[in-house]
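A structural walkthrough
Here are the chains, one letter per residue:
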Amino acid sequence: MAAITPTHPAEPPALDTALVARLVAGRFPEWAGLPVRRVDSAGTDNVMFRLGDDLVVRLPRVPYAARHVEKEQRWLPLLAPHLPLDVPLPVGRADASADFPWPWSVYRWLDGDDTYDVPLTDLAHAAVALGRFGAALRAVDASDGPASFRGGHVTSWEEGHLPGAIRDFGAEGLIDADLATASWEAVLRLPQWDGPPVWVHGDLLPGNLLGRGGRLSAVIDFGGVGTGDPACDTMPAWTLFTADTRPLFREAARVDDATWARGRGWALAWGLVTEHYYRERNPVLAAVARRTRTEALAEYAGSTAP
């Protein structure tokens, strides 16, 4: 099986089945000899390899993702009992070694289809289930939780990249630059989260959702989990759901008007910046981003129409 193609300059070049088999044998001899198979994914921060029938090895692809290993190991077992959807449960942790520069994890395998590859067909069920998931996550005591990388103000996340994306896409005729600018200026005027920090997943994209039989069954990849403003966890309204199912998600998620509006700001900023960065590096993720910014802009245009 071929090695995974690097997405980032700092990524190790030889993340392949031979390396994973060697790592497992060295750290977990009880699992040595189990077949190792790459899990195809459009993910950019981690890579996964199926280990036998019941396990999956998850390795960081970049240094910042390595920092998420200990966080997931600590918090997932505490959060999982409170959540209405299946989530990964860690069963092993390995430190950096001569063969691999960062720590990595082994999880129980969750059956299901990556919804990048096999889209959900029952979006109404998914809207309610994912909305309830977010509400349940926010209800867990967050007093000792770490800050999420998307738990702050959306303007701090995009770090000035948005104007360039709007300029370039406008010049290429891909978006209405005036509409995008007006929508972003509206985001800048929104009131910020003034409640206590709450738990957020931080990365509820289609690639981090699993489905079985067309229905949502699990949420994976908790590298972004932490505390902050829950607006970022409303992004599935625009990344995944439709105008008909979006209200079901919002009702189940139980968020106020300002949080919803900030979530649309997240969808706009994430969609534009991510498509701009990944349209050649990762076409699958860029397509999700394109859909996200399109939906966010359409909703903004509809809300301001005379």
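Quick look at the structure, then. (Residues numbered from 1 in each chain as written. Predicted model: local features only at pLDDT ≥ 70, side-chain atom pairs only at ≥ 80, totals over all residues. Heavy atoms only, no water.)

By volume, the second largest pocket is sized at about 160 Å³. Lining the second largest pocket we find Thr115, Tyr116, Pro119, Leu120, Leu123, Pro206, Thr239, Leu240, Thr242, Ala287, Val288 and Arg291. Residues that form the lining of the second largest pocket fall into these classes: eight nonpolar, three polar and one charged. (1 Å grid on protein atoms, 1.4 Å probe; cavity = no way out; pocket = protein on both sides within 12 Å on 5 of 7 lines; lining within 4 Å. Points joined across faces, edges and corners; volume = space filled by probe spheres on them. Nonpolar A, V, L, I, M, F, W, Y, C, P; charged D, E, K, R; others polar.)

Moving on, we come to the sheet that holds strand β3 (residues 55-60). One open sheet holds the five strands; their spatial order is β1-β2-β3-β5-β4, and the pairing between them is antiparallel. Sheet topology places β1 (36-39) and β4 (90-94) at the edges, where each strand pairs with a single neighbour. Ignoring strand direction, the axes of neighbouring strands in this sheet form an average angle of 25 degrees. As defined by bridge partners, β3 adjoins strand β5 (residues 104-108) across four bridges and the pair is classed as antiparallel. Note that in β5 the partner of Val57 across the bridge is Val106. (Pairing = 2+ DSSP bridges. Helix = DSSP H or I, 4+ residues; strand = E, 2+ residues; numbered from the N terminus. Axes fitted to C-alpha atoms, helices over the stretch in contact; angles between N-to-C directions.)

Looking now at the sheet that holds strand β8 (residues 209-212). Read across the sheet, three strands follow the order β6-β8-β9 without closing on themselves; strand pairing throughout is antiparallel. At either end of the open sheet lies a strand with only one pairing partner, and these are β6 (113-114) and β9 (215-219). In this sheet, β8 lies alongside β6 in antiparallel orientation, the contact comprising two bridges. Directly across from Asp113, in β8, lies its bridge partner Gly211. On the sheet, helix α4 (residues 123-139) packs against β8 and β9 and is oriented at approximately 25 degrees with respect to β9. (Contact = heavy atoms within 4.5 Å.)

Running from amino to carboxyl end, helix α7 (residues 177-188) crosses helix α10 (residues 257-278) at an angle of 135 degrees, the nearest separation of the two axes being 10 Å. Put simply, α7 runs oblique to α10. Seen from above, α7 lies across α10 with left-handed handedness. Where α7 abuts α10, its residues Ala180, Ser183, Trp184 and Val187 lie against Gly265, Leu268 and Ala269. For the contact of α7 with α10, a count of residues per class yields five nonpolar, two polar and no charged. (Parallel < 35°, antiparallel > 145°, perpendicular 65-115°, else oblique. Left-handed = near helix turned anticlockwise from the far one by under 90°.)

Inspection of the entire model under this criterion finds nine aromatic pairs. Measuring from ring centre to ring centre gives 6.3 Å for Phe249 and Trp260, while their planes differ by 45 degrees; the resulting arrangement is tilted. Of the two residues, Phe249 is situated in helix α9 (residues 246-253) and Trp260 in helix α10; the sequence distance between them amounts to eleven residues. Residues Phe249 and Trp260 agree in their burial class; the two are buried. Taken together, Trp238, Phe241, Phe249 and Trp260 form an aromatic cluster joined through their ring pairs. Over the face of the ring belonging to Tyr277 we find Arg281, whose NZ or CZ atom lies 4.0 Å from the ring centre. (Phe/Tyr/Trp six-rings, centres within 6.5 Å; stacked < 30°, edge-to-face > 60°. Buried < 20%, exposed > 50% of the residue type's maximum accessible area, 1.4 Å probe, protein only. Lys NZ or Arg CZ within 6 Å of the ring centre and 35° of its normal.)

Here the structure, examined in full by the defined rule, presents three cavities of 30 Å³ or more. Its boundaries defined by the atoms lining it, the largest cavity holds a volume of some 70 Å³. Contributing to the lining of the largest cavity are 14 residues, with Gly134, Ala135, Arg138, Asp233 and Ala253 lying nearest its centre. Elements with a minimum of two residues in the lining of the largest cavity: α4, β7 (198-200) and α9. Here the lining of the largest cavity gets six residues from one element, more than from any other, and that element is α4. The calculated volume of the second largest cavity comes to roughly 60 Å³. Asn46, Arg58, Leu59, Pro60, Ala65, His68, Val69, Glu72, Ser105, Tyr107 and Gly223 together form the lining of the second largest cavity.

It is worth spelling out the pattern of salt bridges at this point. Per the counting criterion, the structure on display carries 18 salt bridges. Across the pair Arg246 and Glu299 runs a salt bridge, and its minimum N-O distance is 3.2 Å. Of this pair, Arg246 sits in helix α9 while Glu299 sits in helix α11 (residues 283-304), placing them 53 residues apart in sequence. Between Arg290 and Glu275 there is a salt bridge, with the nearest N and O atoms lying 2.9 Å from each other. Separated by 15 residues along the polypeptide, Arg290 in helix α11 and Glu275 in helix α10 bring together distant segments of the chain. Taking relative accessible area as the criterion, Arg290 reaches 36% and is therefore assigned partly exposed. (Salt bridge = Lys/Arg side-chain N within 4 Å of Asp/Glu carboxyl O.)

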